[in-house]
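A closer look at the structure
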Amino acid sequence: MIKSRSTQQHWDIFCTVVDNYGDIGVTWRLAKQLAIEYQIQVNLWVDDLHSFSHILPELNPKQTIQCFYDVTIKQWNTPLDLDYLPGAVLIEAFACQLPDIVLETINSMHRQNRSVPVWLNLEYLSAEDWVDGCHGLLSMQPSGIKKYFYFPGFTAKTGGVICEKALFKQRDAWQKNPDNRRQLFDRLGLQGIDDEDTVISIFSYESPALDALCRHWQDSGSHIDTNSKSGNKIHALLPMGRSLNSLKAWLPELDSVKPGDSYRHNKLTLHILPMTDQQGFDRLLWSCDFNIVRGEDSFLRAQWAAKPFIWHIYPQEDDYHLIKLRAFIALYCHNLAPDVAASWATLNFAFNQDGTDTIIPAWKQVGIANKSLLEHAKQWSIFALNDADLASRLVQFVENS
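Position numbers for residues start from 1 in each chain and track the written sequence from start to end. Per-residue local features of the predicted model are confined to residues with pLDDT of at least 70, and side-chain atom pairs are confined, for both listing and counting, to 80 or more; whole-chain, interface and lining totals are unaffected and use all residues. The side-chain figures draw on all heavy atoms in the structure; neither hydrogens nor water molecules are used.

Attention shifts here to the sheet that holds strand β3 (residues 65-68). Note on pairing: two strands pair once DSSP finds at least 2 bridges between them. Under the DSSP-based scheme used, a helix requires at least four consecutive residues in state H or I and a strand at least two consecutive residues in state E, with every element numbered from the N terminus. Spatially, β3-β4-β2-β1-β5-β6-β8-β7 is the arrangement adopted by the eight strands of the open sheet, whose pairing is mixed. Pairing within the sheet leaves two strands with one partner each, and these edge strands are β3 and β7 (138-140). Going across the sheet, the axis of each strand differs from the next one's by a mean of 25 degrees, ignoring polarity. Where strand β2 (residues 42-46) and strand β4 (residues 71-75) come together, five bridges link them in parallel fashion. When the sheet's bridge partners are listed, Val46 is paired in β4 with Gln75. In this analysis, two residues are considered to be in contact whenever any of their non-hydrogen atoms come within 4.5 Å of each other. The axes are straight lines fitted to the C-alpha atoms, using for helices just the contacting stretch, and the angles between their N-to-C directions are given from 0 to 180°. Those strands touched by helix α14 (residues 390-400) are β1 (11-15), β5 (89-93), β6 (118-122) and β8 (146-150), and its axis lies near 160 degrees from that of β8.

Structure, rendered in structure tokens:
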């Protein structure tokens, strides 16, 4: 049954879960920030609560309505079988198809000359130049309702990037105290990691380049040059997931691999991690010396960790993902020394193009330039915000609309 009372002040966000965690990771962070920092009542409609529960362990996949962090999470079934009460804002995340009854409801309101929600299509994050011109564009629907395209991005002309207001202070406090890293590793059951060892988190898709890196690491160690680390041992932290498919030669039968397992190969030790909530994932990235991440949410959190990283971007038809990667690299490397920028770019392209021949020389060069990359990573996290995060710009956009 659909309630059709006058528009309320709450926001509705609809999200279909794609690739397990990417889309829901972004929308869940946004919903929490809107609720906590702006006191907005948010309904987050999700079609796959089971996958969602991997990053929100408290979530009960069998319960249709529940509340966490002041966000009301609702099971999105097809057809929609929960009440939909139109609010102030309606967000379809990443061009998901809104339920028919939602469209019918707002179209009916429009025909009756009643105020309809501000309707936004939240798009994927991109550093491409065209995003500046497309952000905020109006798409007039056949019914006469206005829908806006909201594009996250790294420039002042875009919709910004997700970053909680206190995040950088929390990160700096965490990284300042080495006991935080030690205690986190203890809680995760990680054994044998000394302070001088290099620790790398790996949350990627399948890539032969990952196997090539591990073969290099087992014989040569990390090659990462820092002021504080003199050791050569490397620890690779891998959550249960797709990265493991590239490391079958390093593991027993994948069906027998479980969180808490570790496998030592000369100078390299592989540690299998359990899935964690978003706060735990942030702290993991803050605690590692290098992060290999994928998708959009993890990609952005690696930047906020202020550590060197590789972005394994989701493969697209006709290699369009490499265009998106090239656009980000050009922006990210703008103020880097040319030789350092070239090495980091080569490393990222090698990982994304199965460059088993080029990834090892690039890794060595990036390791030598690690100090410069680390300094750059800290400055980049400040620059990328462009004075306002996505939630702040989104609230302002809605007010202006």
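Exposure classes here rest on a 1.4 Å probe applied to the protein chains alone. A residue is buried below 20% of its type maximum, exposed above 50%, and partly exposed in between. Extensive coverage of strand β9 (residues 198-202) is indicated by the burial of five of its five residues. Judged by which residues are buried, β9 turns out to be covered on both faces: Thr198, Ile200 and Ile202 on one side and Val199 and Ser201 on the other are all buried. For β9 and strand β10 (residues 234-239), the ladder comprises four bridges, and the chain directions are parallel. Its bridge partner being in β10, Ile200 is matched across the sheet by Ala236.

On to helix α5 (residues 167-176). Of all the residues in α5, the buried ones are Leu167, Phe168, Arg171 and Trp174. For α5, the angular spread of buried residues about the axis comes to 125 degrees, placing them on one side. Along α5, exposed side chains directed more than 90 degrees from the buried face belong to Lys169 and Lys176. Looking at the buried positions of α5, the neighbouring elements they touch are α6 (178-187), α8 (278-287), α9 (297-304) and α13 (370-383). Note that the arc is computed from the directions linking the helix axis to the C-beta atoms.

Another point: the packing of aromatic side chains. The criterion for an aromatic pair is that two Phe, Tyr or Trp rings (for Trp, the six-membered ring) have centres within 6.5 Å, with stacked assigned to planes under 30 degrees apart, edge-to-face to planes over 60 apart and tilted to the rest. All chains considered together, the criterion is met by 30 aromatic pairs. The interplanar angle of 45 degrees and the centroid separation of 6.4 Å between the aromatic rings of Phe309 and Phe328 together place this pair among those described as tilted. Residue Phe309 is located in strand β14 (residues 309-312), and its partner Phe328 is located in helix α10 (residues 320-332); the two are separated by 19 residues in the primary sequence. Per residue, the accessibility class of Phe309 equals that of Phe328, and both read buried. Members of the aromatic cluster, each reached through a chain of ring pairs, are Phe154, Phe299, Phe309, Trp311, Phe328, Tyr332, Trp344, Trp380 and Phe383. Only when the NZ of Lys or the CZ of Arg is both within 6 Å of the ring centre and within 35 degrees of the ring normal is a charge said to sit over the ring. Over the aromatic face of Phe168 sits the side chain of Arg171, whose NZ or CZ is 4.6 Å from the ring centroid. Taking NZ or CZ as reference, Arg294 lies 4.2 Å from the ring centre of Phe203, over its face.

Let us look at the pattern of salt bridges. Here a salt bridge means any side-chain nitrogen of Lys or Arg lying within 4 Å of a carboxyl oxygen belonging to Asp or Glu. Under the definition given, this model contains 15 salt bridges. We note a salt bridge from Asp172 to Arg171, for which the minimum N-O separation is 3.0 Å. For Asp195, the salt bridge goes to Arg182, with nearest N and O atoms at 2.8 Å. With Asp195 in the loop between α6 and β9 and Arg182 in helix α6, this residue pair connects regions lying 13 residues apart in the sequence. Note on Arg182: relative accessible area 32%, which makes it partly exposed. Residues participating in the shared-partner salt-bridge network are Arg29, Glu164, Asp282, Asp297 and Arg301.

As a further point, take the sheet that holds β10. Strand order in the open sheet formed by six strands is β11-β12-β10-β9-β13-β14, and the pairing between neighbours is mixed. If you trace the sheet from one side to the other, it starts and ends with β11 (262-265) and β14, each paired once. The sheet shows a mean angle of 15 degrees between the axes of neighbouring strands, taken without regard to direction. Bridge analysis of β11 against strand β12 (residues 268-273) gives four bridges, and the strand direction is antiparallel.

What follows concerns unusual backbone geometry. In this model, Thr78 is joined to Pro79 through a cis peptide bond whose omega is 0 degrees. With respect to the helices, strands and loops of the structure, Pro79 is situated in the loop between β4 and β5. The phi torsion at Asn113 lies on the positive side, around 60 degrees, for a residue other than glycine. Asn113 gets classed as exposed once you look at its relative accessible area, which sits at 72%. In the Ramachandran plot, Asn266 falls in the positive-phi region, its phi being about 55 degrees despite a non-glycine side chain. With respect to the helices and strands, Asn266 occurs in the loop between β11 and β12.

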